[in-house]
Each structure stands twice: as structure tokens, then as C-alpha cells.
Amino acid sequence: MSTRDGLTLRLTTDLGSVNIVQLEAGAAPTVRYIVHIETDARGTAAQQLLDSYSLKAKSLTSGVEITGKLPPQAARSADAQFWVQFEVAVPRGYTVEVNTEAGDNHDR
């Protein structure tokens, strides 16, 4: 997503490890992200769970907002587990605000 230096990344997720890195010096001001989502459910149940994961990213005047949300409890199997990992690259002058309910945050 195109952006400009000096803005803010706001990442909110109810589950997930978050790894934030700075873009290389001289790189065009963009926010790049990859999200890995896994479950131990099998077959069509796994596909339904993965399809139900909500991921939204939008560009705002204040920066970029990324939101990840697990499917509602009713849609999940009681014994299925999820693993979510966010990898985000931001411009060097970006401010980062990360809010996770469960997971690890790593800034570099």
C-alpha cells in the first residue's frame, strides 16, 4: 500500500505473532504485509475456518490500518487451533501501534 513517511501503522488482531521491519533506506514509502494463517482442522472444516478469518487493510490519511479477526466462536470447532503470523514492512519514519489479545510482537 502506498503511503508517506511520518504516518502510523495501526495493527489490531485478536490472535497472532507480529513482526515489524523497516523498509530498506531509499525504498519507496509503502506498507507491505504478509499474513500466514494456519489451523489444525482438516478437510472442509479447515477450509471453512480459514475462509471465515477476517483480514482488512486500508489506507487512511493518518497511515495504514490492518485488522485481523478470528471467526466467531460458533463457527469454530471446539478443538481446532489457529496460528496467525503477521509480517509487516513500514517506512523508516513510521510510527507503529500494535494491539494483540494473544501473541508476540517483534519490532526491528
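Rules used throughout
Residues numbered from 1 in each chain as written. Predicted model: local features only at pLDDT ≥ 70, side-chain atom pairs only at ≥ 80, totals over all residues. Heavy atoms only, no water. Salt bridge = Lys/Arg side-chain N within 4 Å of Asp/Glu carboxyl O. Buried < 20%, exposed > 50% of the residue type's maximum accessible area, 1.4 Å probe, protein only. Core = buried A, V, L, I, M, F, W, Y, C linked by side-chain atoms within 4.5 Å. Helix = DSSP H or I, 4+ residues; strand = E, 2+ residues; numbered from the N terminus. Contact = heavy atoms within 4.5 Å. Pairing = 2+ DSSP bridges. Axes fitted to C-alpha atoms, helices over the stretch in contact; angles between N-to-C directions.

Participant: Would you explain the pattern of salt bridges in this entry?
Facilitator: Side chains bearing opposite charge may pair, as long as their charged atoms lie close to each other. On inspection of all chains with the given rule, the structure shows three salt bridges. The closest approach of N and O atoms between Arg32 and Glu24, which form a salt bridge, is 3.6 Å. Take Arg32: its relative accessible area is 43%, and that puts it in the partly exposed class. The exposure class of Glu24 is partly exposed, given its relative accessible area of 49%. We note a salt bridge from Glu65 to Lys58, for which the minimum N-O separation is 3.7 Å.

Participant: In this structure, what is going on with the nonpolar core? I would like to understand it.
Facilitator: If you look at soluble globular proteins, the nonpolar side chains tend to sit buried side by side. In terms of nonpolar packing, the biggest core is built from 21 residues, with Leu9, Phe86, Val88, Val90 and Tyr94 touching the most fellow members. Secondary-structure elements contributing two or more residues to this core are strand 1 (8-13), strand 2 (17-22), helix 1 (43-52), strand 5 (63-69) and strand 6 (82-90). Take this core: its biggest share by element is five residues, from strand 6. If near-sequence neighbours (up to four positions away) are discounted, Val88 is found in contact with Leu9, Leu11, Asn19, Ile20, Val21, Val31, Arg32 and Tyr33.

Participant: It is not clear to me how the sheet that holds strand 1 should be interpreted in this structure. Could you clarify?
Facilitator: Two strands in a sheet stick together by hydrogen bonds in their backbones, pointing the same way (parallel) or opposite ways (antiparallel). Pairing is mixed across the open sheet formed by four strands, whose spatial order is 4-5-1-7. With one partner strand each, in any of the chains shown, strand 4 (54-60) and strand 7 (95-100) form the two edges of the open sheet. Averaged over all pairs of adjacent strands, the angle between their axes in this sheet comes to 10 degrees, without regard to strand direction. Here strand 4 pairs with strand 5 via seven bridges, running antiparallel.

In short, geometric facts, not functional conclusions.
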